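# Report on the structure
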Amino acid sequence: GQRVRWYDVRQPTVIDARAHLIALFVATRRHDCYVIISSWEYQQSSSFAAEPDWCQALMGIDPDRRAEAQAAALAELIDFLAEHDLDDRVAFTEIHNEVQVGHLADGLSSEPEERVVALRPRLERALELFHRQQPDQPVTVNYARVPVGVMRGIPDTVDILVTHPYVYGVLG
């Protein structure tokens, strides 16, 4: 619909996320599709929780180590999928969505382009951790907008470059 986003939920909802994840990946196999695994943990995911515990736990991680915590969690997610013989359905993994505009960049410059460069060491550590734990799985980070003026901030170890150019359509 016009001006409606997927998270416009009108009432509390409880799901078995692992069961839904398995069902999604089984369906991807049946339809010969692949999934890009990503995280919005430091952007807005915890805003859907009824209690603040999830957000507090996320914010309790030192900002300098948050990307690594995400990488470790996502590597464990791949392990979970592998236990169900479904890890072959992963196209690639993004350590986080729009890394420079959320809480992964806490403590760094408030200017989004400067954040791209300042985030590089944090992201490099996260990518290295993920590559070590999942050497056969491609991994990247995702940038809000195309950081054309600060491409030097993009880690050399990303396997894929993902950006959101934001040309604005029906949600503009």
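Owing to the predicted nature of the structure, the values given are computational and were not obtained by experimental measurement.

Topologically, arginine 120 is positioned in helix α4 (residues 112-133). Looking at arginine 120, its side chain comes within polar contact range of the main-chain oxygen of isoleucine 154, at 3.4 Å.

Turning our attention to the side chain of glutamine 134. Relative to the elements of secondary structure, glutamine 134 occurs in the loop between α4 and β3 (139-140). For glutamine 134, a relative accessible area of 10% corresponds to the buried category. Setting aside residues no more than four positions away along its own chain, glutamine 134 makes contact with Ala75, Ile78 and Asp79.

For side chains bearing opposite charge, pairing can occur when the charged atoms are close. Under the criterion given, the structure shown has eleven salt bridges. Note that aspartate 156 and arginine 120 form a salt bridge whose closest N and O atoms lie 3.2 Å from each other. Remark: arginine 120 occurs in helix α4 and aspartate 156 occurs in the loop between β4 (142-144) and β5 (162-164); sequence separation between them is 36 residues. Look at the salt bridges and you will find they share partners, linking Asp64, Arg65, Glu68, Arg122 and Arg125 into a network.

In globular proteins that are soluble, nonpolar side chains generally tend to be buried together. Core analysis: the biggest nonpolar cluster contains 33 residues, and Phe25, Ile37, Ile95, Phe130 and Val141 have the highest contact counts within it. Listing elements by their share of this core, those giving two or more residues are α1 (17-30), β1 (35-37), α3 (66-83) and α4.

In this model α4 runs 30 Å from its N-terminal to its C-terminal C-alpha over 22 residues, within 8% of the 32 Å that 1.5 Å per residue would give. Inspection of α4 places Arg115, Val116, Leu119, Arg120, Arg122, Leu123, Ala126, Leu127, Leu129 and Phe130 among the buried residues, and these make up the whole buried set. In this fold, the buried residues of α4 make contact with α3, β2 (90-94), β3 and β4. Near the N-terminus of α4, the side chain that reaches the backbone nitrogen of glutamate 113, with its oxygen 3.0 Å away, is that of glutamate 111.

All right, on to the pairing of β2 then. Looking down a regular strand, the side chains alternate between one sheet face and the other. When you tally the buried positions in β2, you get four out of five residues, the bulk of the element. Where β1 and β2 come together, three bridges link them in parallel fashion. Within β2, the residue paired with isoleucine 36 across the bridge is phenylalanine 92. Pairing analysis gives two bridges linking β2 to β3, with the strands arranged parallel. Residue pairing in the sheet places threonine 93 in a bridge with valine 139 of β3.

Comment: phi is negative for the bulk of residues other than glycine, and the bulk of peptide bonds are trans. Even without being glycine, aspartate 32 reaches a positive phi, approximately 55 degrees. Along the polypeptide, aspartate 32 turns up in the loop between α1 and β1. Aspartate 32 gets classed as exposed once you look at its relative accessible area, which sits at 55%. Unusually for a residue other than glycine, aspartate 85 sits at a positive phi of about 55 degrees. Note that aspartate 85 resides in the loop between α3 and β2.

Moving on, we get to the packing of α3 against α4. Following both chains from N to C, one finds α3 and α4 inclined at 20 degrees, their axes separated by 8 Å at the closest point. On the basis of their axis angle, the class for α3 and α4 is roughly parallel. Both α3 and α4 take part in a crossing whose hand is right-handed. The segment α3 lies against α4, with Ala67, Glu68, Ala71, Ala72, Leu74, Ala75 and Ile78 engaging Arg122, Leu123, Arg125, Ala126, Leu129, Phe130 and Gln133.

The rules behind the values
- Residues numbered from 1 in each chain as written.
- Predicted model: local features only at pLDDT ≥ 70, side-chain atom pairs only at ≥ 80, totals over all residues.
- Heavy atoms only, no water.
- Helix = DSSP H or I, 4+ residues; strand = E, 2+ residues; numbered from the N terminus.
- Polar contact = N/O pair within 3.5 Å; in protein donor to acceptor, adjacent residues only side chain to side chain.
- Buried < 20%, exposed > 50% of the residue type's maximum accessible area, 1.4 Å probe, protein only.
- Contact = heavy atoms within 4.5 Å.
- Salt bridge = Lys/Arg side-chain N within 4 Å of Asp/Glu carboxyl O.
- Core = buried A, V, L, I, M, F, W, Y, C linked by side-chain atoms within 4.5 Å.
- Expected span 1.5 Å × (residues − 1).
- Pairing = 2+ DSSP bridges.
- Axes fitted to C-alpha atoms, helices over the stretch in contact; angles between N-to-C directions.
- Parallel < 35°, antiparallel > 145°, perpendicular 65-115°, else oblique.
- Left-handed = near helix turned anticlockwise from the far one by under 90°.

Geometry only, nothing functional implied.
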